[in-house]
Every structure is written in structure tokens, then in C-alpha cells.
Amino acid sequence: MPGVGACIDCTHIKIQNPGGPNGEVFRNRKGWFSLNVQVVCGPQMEIYDVVARWPGSYHDCFIFNASRACTFFSRNNNTLLLLGDNGYACKPYLFTPLLNPITNSEKNYNKAQIKTRNIIEQVFGVWKRKFPCLRRGLANSTLTAVSIIVACAVLYNISLKLRLLNIDDNDNEEVDKLDDPFRDNNLNGEIIGAAARRGYIIRHFS
């Protein structure tokens, strides 16, 4: 897809119950304790940015709005696009799939968007296969778990650069991805984003 600079998604990393008065905030919608980790990846499967500090009950959209990635892409004058799933609000700089594509142009856009965005699921699969602790879960303290996740992201990038990763088309994450129906409440932002997406479809898929 022309103009796409990166793809974004979140993945849940299982942790032990932190306990204390705020322990339950780490319990995700599936009922287990986790950190909801946001990752932004590039076209060569490199990890551009990772945010690992938010509890599992926090929504993908909330995490993005509080992140450096949101600040960067919202200030780049739309010269670079970010692709996300429908857990995110459509914005002029963050394109999501159409919920009900009707025309051939809309259907072609959705196919391209989903196919391009699939790279982030592949990154999750390869990352967790390289570092099985991310798939099994972490029994460390919460702060230590955050450090381990970030360290694994750094080591993943090093391994990718040195070509030490075995990448397979079937590496997509399957088990612990939690779809999130939460949407941004900024209606004006949604409308402007939908208009920008419509113009993009007309330019590139008509």
C-alpha cells in the first residue's frame, strides 16, 4: 500500500498476579493476568517501537493515544501512514479496514490493508518463537517483566539484522491475541479519518 510506514497492534504477555490493591487491573478480558504490549513494526519485520508498561485490562486504543507512536504519526503531515485493525479508531494517519466494504475499490482496499497489516502478526509469531518466555508467560515482578519484554524486542532486532531468525509464513500469532472492540470516543477524529481513508481509496484503488 502506497505511503504506509508501519503497522501497529498489541499482544498480551502473560504475567503472574501482581497482587496488591491494583492487581486486578492486570486481568484481561480472557480472565488471566497480562501486560498489553504495543508494537510498531516496519516493512522488513523490524520493531520500531514497543510499549510494555500497560496492564492487560487497558485497551489498544488507549495505549496508542498515550504513546510516542501516536505523537510521531499525528505530526508527520500524513506523509507516512500507520495500519491497524478495528481495535483502533480510523484517523488521517492511522487507517483501519472498512467494516462493510461494498464496492470493488473498497474490497480491494480491505484486501490490501489486511494483507499488508499481517506483517505485525508475523512479527509477534517470530518474536515469541525466538523468546518462548513471551509465549509461556513471565513469573517475575511486573517491573522486571517489562524490562524482559523490552530486552527481547532489542534482541529480536539484533537477531533480525544479523539474519539469525528463521522466518516462516506460518509464524503468525494465533493463541493469545485478544480482539478488542473498544473504539475512540473522538467522533470528529473518526469522521476526518474516514474522509482521509475514502480519499486514499479513490486515489489508489479506483
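Residues numbered from 1 in each chain as written. Predicted model: local features only at pLDDT ≥ 70, side-chain atom pairs only at ≥ 80, totals over all residues. Heavy atoms only, no water.

*Asks:* What is the right way to look at a nonpolar patch on the surface in this model?
*Replies:* Judged by side-chain polarity, Val150, Val154, Leu155, Ile158, Leu162 and Leu164 come together as a nonpolar surface patch covering roughly 520 Å² of accessible area. Structurally, the position occupied by Leu164 is in the loop between helix H5 (142-161) and helix H6 (187-205). (Patch = residues over 30% accessible without salt bridge, like charges linked within 9 Å, V, L, I, M, F, W, Y side chains within 5 Å. Areas by Shrake-Rupley, 256 points an atom, 1.4 Å probe, with all protein chains shown as cover. Salt bridge = Lys/Arg side-chain N within 4 Å of Asp/Glu carboxyl O. Helix = DSSP H or I, 4+ residues; strand = E, 2+ residues; numbered from the N terminus.)

*Asks:* Just checking my understanding: could you explain the sheet that holds strand S1 (residues 4-14) for this structure?
*Replies:* The strands that make up a sheet are held in pairs by hydrogen bonds between backbone atoms, and each pair lies either parallel or antiparallel. Strand order in the open sheet formed by five strands is S3-S2-S1-S4-S5, and the pairing between neighbours is mixed. The two strands at the open ends of the sheet, each matched to only one other strand, are strand S3 (47-51) and strand S5 (94-95). Helix-sheet contacts for helix H3 (residues 104-130) involve S1, strand S2 (34-41), S3, strand S4 (81-83) and S5, and the interaxial angle to S1 is about 45°. (Pairing = 2+ DSSP bridges. Contact = heavy atoms within 4.5 Å. Axes fitted to C-alpha atoms, helices over the stretch in contact; angles between N-to-C directions.)

*Asks:* Mind showing me how you'd approach the UniProt feature "transmembrane region" (unreviewed entry) in the chain here?
*Replies:* In the numbering used here, UniProt assigns the "transmembrane region" (unreviewed entry) feature to residues 138-158. Within the segment residues 138-158, helix and strand shares are 81% and 0% respectively, and the terminal C-alpha atoms sit 22 Å apart. (UniProt positions renumbered as here; feature names shortened; annotations may be inferred.)

*Asks:* Hey, could you run me through the pairing of S1 in this one?
*Replies:* Within a regular strand, side chains alternate between the sheet's two faces. Of all the 11 residues making up S1, nine are buried; the element is thus mostly covered by neighbouring parts of the structure. Pairing analysis gives three bridges linking S1 to S4, with the strands arranged parallel. By the bridge assignment for S4, Cys7 is matched with Leu83. As judged from the eight bridges shared by S1 and S2, these two strands associate in the antiparallel manner. Its bridge partner being in S2, Thr11 is matched across the sheet by Val37. (Buried < 20%, exposed > 50% of the residue type's maximum accessible area, 1.4 Å probe, protein only.)

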